[in-house]
Amino acid sequence: MKKKRKKKRKNGKDTEKKFKMYGSFYGQYNITDGLSFRAALSGDFQNTEQRRWQGVLSNRNGAAAAQLDVSTLNTIHMVTDNYFTYDKQFGNHEINAVVGFSAEKWDTEGHSSRGTGYENDLVQTITAATTIALAQSIEYEQTLASYFARLNYAFDDKYLVSLSFRRDGSSVFGPDNKYGNFPAASLGWRISQEDFLSESDVVSNLKLRVSYGLTGNKDFNLGDNNVELFPSIPLLGTDVYNTNAAFIALNIANPDLQWESLEEFNPGIDFGLFNNKVTGSIDYYVRTSNDLLLDNPVPSTTGFASALVNLGEVQNSGVELELRTKNIVTENFSWSSTFLASMNKNELIDFADANGQIQNVDSKRAAEWINLVGNPISSYYGWVVDTEIPLEFINNPYHPVGGQAQDVYVKDLNGDGLIDDDDKTILGDPYPDLIWSFGNDLKYKNFDLSFLLQGSHGAEIRNMGDQYLFNHFNSSQDFNTSTTPNQGFIREKIFTDAIIQNASYVALRNLTLGYNLPSDAIENLGLSSLRVYATGSNLFYITASDYTGFNPESINNTSPTTYGYQRAGSPVFRTISVGLNVGF
């Protein structure tokens, strides 16, 4: 598979080419009746080439700013799975057991270079540069090894038990914490198989189940491949100090770093009614993440702004609902629906000595987040708006058109007559209370129609984009320092709930209309089927009235403790396409 993407700029060009190849094979040996062994090997290779040319006319500095950046990255990913399976039935007893080992490895190597000093755009190669400003290479590997076992037992196809155990090891962690143990267990009871329900005309299927288990997480994002691959050991990099080559520390090593674990308790019920015309499930869950892998702030005396640690406990709890219905089924017409909904509550249970920690994303626009036990992690923090500054005190309130003042009066929450940090409070959080979707599939003779509605409600977003959209930086929108009263109660909007906005939305995610041509109309063409269709995505997208950005789902990639930040967001694309499905 090869992909090529180009992006043109004035007197510049960005090019990215990707090539990816996959492969897999396996062998299975049946040892005895019910016992078999399977070995599988799979892998993929990916080559990515990126090229960025900045021509002599692309910058006001002309040839002095012309440069070419070229990079190549190759990754080989290999996976091997080896396991025994025992599958046997003894009367009313059914046993399925699996035990095995798997290993995974990523080998990556790359090269990048930068050439500068081009006098024209005629020869766009590194060798044509007068100066090789950058030349570097990288080479690293990452490995994952897992031992696993699972036992499923069923009695009379009514009483179900499942036990499993995983021991996962990652090269990311140090030798003393490389492995994590993750057990799980579940119980099930098919009540509909019992005598008192087996002949029911209403209940077609009814199953009670409960599960408990642990899963592991080894992933985190620090923006530096070297530190992400070897956080448990001290790393050195090169630099220049007083024109001399020097070594610098790249990280604060943490040999005690270990797996983040997710503990989940999940009782639920599966049901089918009226000959399974109505089916679905209801789940209650409590998911507790322990020893979160966080890039946590540290004192500046360490020489670093943050360090990777295991810290905290976060709990998500709620209810999930799935409902599927066959509304109408006739010879020429059918209509089925699917409704999904999830309600969730997020709470920080423990944050050790960091409880009450306040962070910001951008030191230039230092809006704050707080992580306080008993509240959602990554809660917005700041002052509460009291009222806008009257226009009579704004320097030039009508210039520019659509501009808004960047300042606002805030509330004195503790009533001491002063505005300070004691008047700050939690302003909201980025987590939705309800997420839902409603899909429908309709067929009439050779026509088919499907659509999917989706919504999210209750989340809030810190939309820093208001600074740009409403020209907060323009001095015309500043208040007059000579005439404005109560200036001690004025703060910038970005530090208040003025930019904490409702992130709810309802969208028509997909609408598809299709028509299958009759077989007698296409048989002369040598086709077995021919379907013509038109589809549209995001044909309508409704946001909350107080949301001023472009996309409430577009969240900047920050951290789990400063989540919910955006600068207006990337626009929601509306697409319409037509196509053919052809069968030969």
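Here goes a summary of the coordinates provided.

Reading the values: the criteria
- Residues numbered from 1 in each chain as written.
- Predicted model: local features only at pLDDT ≥ 70, side-chain atom pairs only at ≥ 80, totals over all residues.
- Heavy atoms only, no water.
- Helix = DSSP H or I, 4+ residues; strand = E, 2+ residues; numbered from the N terminus.
- Buried < 20%, exposed > 50% of the residue type's maximum accessible area, 1.4 Å probe, protein only.
- Contact = heavy atoms within 4.5 Å.
- Areas by Shrake-Rupley, 256 points an atom, 1.4 Å probe, with all protein chains shown as cover.
- Lys, Arg positive; Asp, Glu negative; His and termini not counted.
- Charge placed at Lys NZ, Arg CZ, Asp CG, Glu CD.
- Patch = residues over 30% accessible without salt bridge, like charges linked within 9 Å, V, L, I, M, F, W, Y side chains within 5 Å.
- Salt bridge = Lys/Arg side-chain N within 4 Å of Asp/Glu carboxyl O.
- Pairing = 2+ DSSP bridges.
- Axes fitted to C-alpha atoms, helices over the stretch in contact; angles between N-to-C directions.
- Core = buried A, V, L, I, M, F, W, Y, C linked by side-chain atoms within 4.5 Å.
- Phe/Tyr/Trp six-rings, centres within 6.5 Å; stacked < 30°, edge-to-face > 60°.
- Polar contact = N/O pair within 3.5 Å; in protein donor to acceptor, adjacent residues only side chain to side chain.

Here we take up the overall build of the protein. If you tally the helices and strands in the protein, you get 4 helices and 33 strands. Referenced to the eigenvectors of the C-alpha coordinate spread, the extents of the protein come out at roughly 90 × 65 × 60 Å. Counting all 584 residues of the protein, 37% fall into the buried class. In the protein, the share of contacts with a sequence separation of at least 24, taken over all contacts with a separation of at least 6, comes to 65%. Entry remark: accessible area of the protein is about 32900 Å², with carbon and sulfur atoms responsible for 54%. On the protein, the mean spot of the 47 positive side-chain charges and the mean spot of the 68 negative ones are 11 Å from each other.

This brings us to a nonpolar patch on the surface. Taken together, Leu151, Val161, Leu163, Leu187, Val210, Tyr212, Phe265, Ile282, Tyr284, Val319, Leu321 and Met343 make up a surface patch of nonpolar side chains, about 970 Å² in accessible area. For the nonpolar patch, the secondary structure elements donating two or more residues are β7 (159–170), β9 (203–217), β13 (278–290) and β16 (313–329). Residue position: valine 319 is located in strand β16. Relative accessible area serves as the criterion here: at 30%, valine 319 is assigned to the partly exposed category.

The omega torsion across histidine 399 and proline 400 is -5°, close enough to zero to call that bond cis. As for its placement among the helices and strands, proline 400 is situated in the loop between β21 (385–387) and β22 (407–410). Positive phi, close to 55°, is recorded for asparagine 538, a residue that is not glycine. Of note, asparagine 538 is situated in the loop between β30 (529–537) and β31 (541–543).

With respect to topology, 3 strands assemble into an open sheet ordered β21-β22-β27, the strand pairing being antiparallel. Unpaired on one side and paired on the other, β21 and β27 (490–492) mark the two borders of the sheet. Here the average twist between neighbouring strands, direction ignored, is 65°. Strand direction decides the pairing type here: β21 and β22, joined by 2 bridges, are antiparallel. Residue pairing in the sheet places valine 385 in a bridge with valine 410 of β22.

The pairing of strands in a sheet comes from backbone hydrogen bonds and takes either a parallel or an antiparallel form. Taken in spatial order, the 4 strands make up an open sheet running β18-β19-β20-β23, and their pairing is antiparallel. Edge positions in the sheet fall to β18 (357–362) and β23 (425–428), since each has one partner strand and no second. In this sheet, adjacent strand axes meet at a mean angle of 45° when their direction is disregarded.

With that out of the way, let us pick up the nonpolar core. When a protein is soluble and globular, its nonpolar side chains tend to lie buried together. Counting residues in hydrophobic clusters, the biggest one holds 10 residues: Ala367, Trp369, Tyr380, Val384, Leu427, Met464, Ile494, Ile499, Ile500 and Tyr565. The residues touching alanine 367, leaving out its near neighbours within four places in the chain, are Gln359, Asn360, Val361, Arg462, Met464, Ile494 and Phe495.

Attention now moves to the packing of aromatic side chains. Here the structure, examined in full by the defined rule, presents 13 aromatic pairs. When the ring of phenylalanine 182 is compared with that of tryptophan 259, the centres are 5.6 Å apart and the planes differ by 70°; the resulting orientation is edge-to-face. Highlighted residues: phenylalanine 182 in strand β8 (residues 179–190) and tryptophan 259 in the loop between β11 (244–249) and β12 (260–273), separated in sequence by 77 residues. Of the residues examined, phenylalanine 182 reaches a relative accessible area of 6% and is grouped as buried.

To continue, consider the environment of alanine 129. Examined against the element boundaries, alanine 129 turns out to sit in the loop between β5 (93–116) and β6 (131–155). The sequence separation of alanine 129 and threonine 116 amounts to 13 residues, and the corresponding C-alpha distance is 5.4 Å. Beyond its immediate sequence surroundings of up to four residues, alanine 129 is in contact with Gly115, Thr116 and Tyr118.

What follows covers the pairing of strand β20 (residues 379–382). Side chains Ser379 and Tyr381 project from β20 onto one buried face, and the interleaved Tyr380 and Gly382 project onto a second face that is buried too. Two strands pair when backbone bridges link them, and β20 and β23 are joined in this way by 3 bridges, in the antiparallel orientation. Across the sheet, residue glycine 382 finds its bridge partner in β23, namely threonine 425.

With that out of the way, let us pick up the environment of phenylalanine 479. As for its position among the elements, phenylalanine 479 is in the loop between α3 (466–469) and β27. Residues phenylalanine 479 and glutamate 392, 87 residues apart in the sequence, show an inter-C-alpha distance of 9.0 Å. For phenylalanine 479, the residues in contact, after removing those within four places along its chain, are Ile389, Phe393, Ile394, Asn395, Asp407, Thr484, Gln487 and Ile490.

Turning our eyes to something else, we now look at the pattern of salt bridges. Note on pairing: side chains with opposite charge can pair once their charged atoms come close. A complete count under the given rule lists 23 salt bridges for this structure. The partner of lysine 17 in a salt bridge is glutamate 49, with the nearest N and O atoms 3.8 Å apart. Taken together, the positions of lysine 17 in strand β2 (residues 12–32) and glutamate 49 in strand β3 (residues 35–54) put the pair 32 residues apart, joining distant regions of the chain. Between lysine 424 and glutamate 368 there is a salt bridge, and its shortest N-O distance comes to 2.9 Å. A residue pair is termed long-range when its members are at least 10 positions apart, and lysine 424 in the loop between β22 and β23 and glutamate 368 in strand β19 (residues 365–371) qualify at 56 residues. Note on accessibility: lysine 424 and glutamate 368 belong to one class, buried. Each of the salt bridges in this network shares a partner with another, and the network as a whole consists of Lys105, Asp107 and Glu141.

Another aspect to go through is the side chain of asparagine 251. Here asparagine 251 shows up in the loop between β11 and β12. Classification of asparagine 251 as buried rests on a relative accessible area of 10%. Among the polar contacts made by the side chain of asparagine 251, one reaches the main-chain carbonyl oxygen of isoleucine 233 at a distance of 3.1 Å. A distance of 2.9 Å separates a polar atom in the side chain of asparagine 251 from the backbone nitrogen of leucine 235. Contacts of asparagine 251, omitting those with residues within four sequence positions, involve Val227, Phe230, Pro231, Ile233, Pro234, Leu235 and Phe304.

Let us look at the environment of alanine 544. Relative to the helices and strands, alanine 544 is located in the loop between β31 and β32 (565–566). For the pair alanine 544 and asparagine 502, spaced 42 residues apart in sequence, the C-alpha to C-alpha distance is 6.0 Å. Excluding anything up to four places from it in sequence, alanine 544 contacts Asn502 and Ser504.

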